[in-house]
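If you want the building blocks of each chain, they are given just below.
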Amino acid sequence: MIEIESLLETSSDDIYTAFSEAFIDYDVQLDREGFDKMLKRRGFRKEISFGAFDDGRLIAFTLNGLGLYNGKKTAYDTGTGTIKEYRGKGLAKSIFEYSLPEMKKAKVEQYLLEVLQHNEKAISVYKKLGFVVTREFNYFVKPISEIVNEVNIRADLALHIVDLPEDNMLDSFIDFTPSWQNNNNAIRRSIHDFKVICASHIYQVIGILIFEPKTGDITQISVDKKFRRYGVASAMLRKMLEMNETDSIKLINSELNCESINGFMKSKGIEPTGKQFEMKLEI
């Protein structure tokens, strides 16, 4: 008999096993270290995460993060999956419906997720559950060997690796509110996984690039509007590529209509790989 329960008493090993089995047919697989890092960065909390169990075996799950987002206590869908032989039984919907009263008890105000735009089946389910599309995102993935980044760093531009600045500094240049997994809280949860490149001009900070060397993930990149087309972003990118530990880079969840990011990426020969919807449910 299949039962739905909280994951509070479920071991991390069992959660990872179910996750690996549910996503076994995906192109990119996460090893245990990568899985644990993903959960930490996204604020995973067992007490508001739920699963379906068949004779004690975790067969479907929704792993949720918890934190503040736009000033509201928010649950974030870090990963929803079902083991292949149990798909088509509506387990994800059942888990979600079970979780809502528990979310309310925890005083969660909204539920947030992202979904690939070509996943029409999932989008349809989310809309039936009451989610609405709040934003559209591009994501970019590119092998380093195919990136165009010939740049001469100006003599009056200095680059430094620094500690993470305060939020007011991080937010001062950015053109849109970062998504859950890229926002300042997510970075601080996993700060030891990131490097922060700071660009300055006559001791004034004019650009920041935050990235994860092990994955090539650019989490935030922003330049003071007064210094755009000054080669700042290109210089920071070059510095990043020197420090990167993988053969590609990625930039996930850039707002669809952000002309500064789109133009910069295009200038480097990096076109969008795909698109996602951000969806939200008020609880």
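Read on for a plain summary of the structure. Computed from a predicted structure; not experimentally measured.

1. Some remarks on the nonpolar core
- Judged by nonpolar contacts, the single largest core of 27 residues is most densely connected at Leu209, Ile218, Ile221, Val232, Met236, Met240 and Ile261.
- Of all the secondary structure elements, the ones that give two or more residues to this core are β8 (195-201), β9 (204-212), β10 (217-223), α7 (232-243), β11 (248-255) and α8 (259-267).
- No other element matches the six residues that α7 contributes to this core.
- Ignoring any residue separated from it by four or fewer positions in sequence, one finds Ile261 in contact with Phe140, Phe176, Ile221, Leu251 and Ser254.
- Judged by nonpolar contacts, the second largest core, of 17 residues, contains Ala75, Val108, Ala122 and Met279.

2. Side note on the state of the cysteines
- On inspection of all chains with the given rule, the structure shows zero disulfides.
- Its sulfur unpaired, Cys198 is 20 Å from the next cysteine sulfur, which belongs to Cys258.

3. Here's the deal with the pattern of salt bridges
- Taken as a whole and assessed by the stated rule, the structure comprises 23 salt bridges.
- Between Glu33 and Lys37 there is a salt bridge, with its nearest N and O atoms 3.4 Å apart. Of this pair, Glu33 and Lys37 both sit in helix α2 (residues 32-41), separated by four residues, roughly a single helical turn.
- Residue class for Glu33 comes out partly exposed when judged on its relative accessible area of 47%.
- Taken together, the salt bridges that share partners define one network made up of Asp13, Arg32 and Asp36.

4. Quick word on the side chain of Ser190
- As for its placement among the helices and strands, Ser190 is situated in the loop between α6 (184-189) and β8.
- Ignoring any residue separated from it by four or fewer positions in sequence, one finds Ser190 in contact with Lys37, Lys40 and Arg41.

5. Here's the deal with α7
- In this model α7 runs 17 Å from its N-terminal to its C-terminal C-alpha over twelve residues, within 8% of the 16 Å that 1.5 Å per residue would give.
- Three or more residues of α7 are buried, namely Val232, Ala233, Ser234, Ala235, Met236, Leu237 and Met240.

6. A few points about the layout of surface pockets
- What the second largest pocket holds in volume is close to 590 Å³.
- Lining of the second largest pocket is provided by 32 residues; of these, Arg228, Ala233, Ser260, Ile261 and Phe264 occupy positions nearest its centre.
- Secondary structure elements with two or more residues in the lining of the second largest pocket: β10, α7, β11 and α8.

7. Some remarks on unusual backbone geometry
- Positive phi is not limited to glycine here, since Lys107 has a value of about 65 degrees.
- Counting through the fold element by element, Lys107 comes out in the loop between α3 (91-105) and β5 (110-116).
- The class of Lys107 is exposed, set by a relative accessible area of 62%.
- Despite not being glycine, Asn253 has its phi angle at roughly 65 degrees, a positive value.
- Along the chain, the position of Asn253 falls in strand β11.

8. Thoughts on the pairing of strand β2 (residues 50-54)
- Burial of β2 is extensive: four of the five residues sit out of reach of the surface.
- In the sheet, strand β1 (residues 2-6) pairs with β2 via five bridges, with the strands oriented antiparallel. Residue pairing for β2: Ser6 is matched across the bridge by Phe50.
- In this sheet, strand β3 (residues 57-69) lies alongside β2 in antiparallel orientation, the contact comprising five bridges. Across the sheet, Asp54 pairs through a bridge with Arg57, a residue of β3.
- In sequence, β2 turns back onto β3 through a hairpin of two residues, with Asp55 there showing a positive phi of about 55 degrees.

Calculation criteria
Residues numbered from 1 in each chain as written. Predicted model: local features only at pLDDT ≥ 70, side-chain atom pairs only at ≥ 80, totals over all residues. Heavy atoms only, no water. Core = buried A, V, L, I, M, F, W, Y, C linked by side-chain atoms within 4.5 Å. Buried < 20%, exposed > 50% of the residue type's maximum accessible area, 1.4 Å probe, protein only. Helix = DSSP H or I, 4+ residues; strand = E, 2+ residues; numbered from the N terminus. Contact = heavy atoms within 4.5 Å. Disulfide = S-S within 2.5 Å. Salt bridge = Lys/Arg side-chain N within 4 Å of Asp/Glu carboxyl O. Expected span 1.5 Å × (residues − 1). 1 Å grid on protein atoms, 1.4 Å probe; cavity = no way out; pocket = protein on both sides within 12 Å on 5 of 7 lines; lining within 4 Å. Points joined across faces, edges and corners; volume = space filled by probe spheres on them. Pairing = 2+ DSSP bridges.

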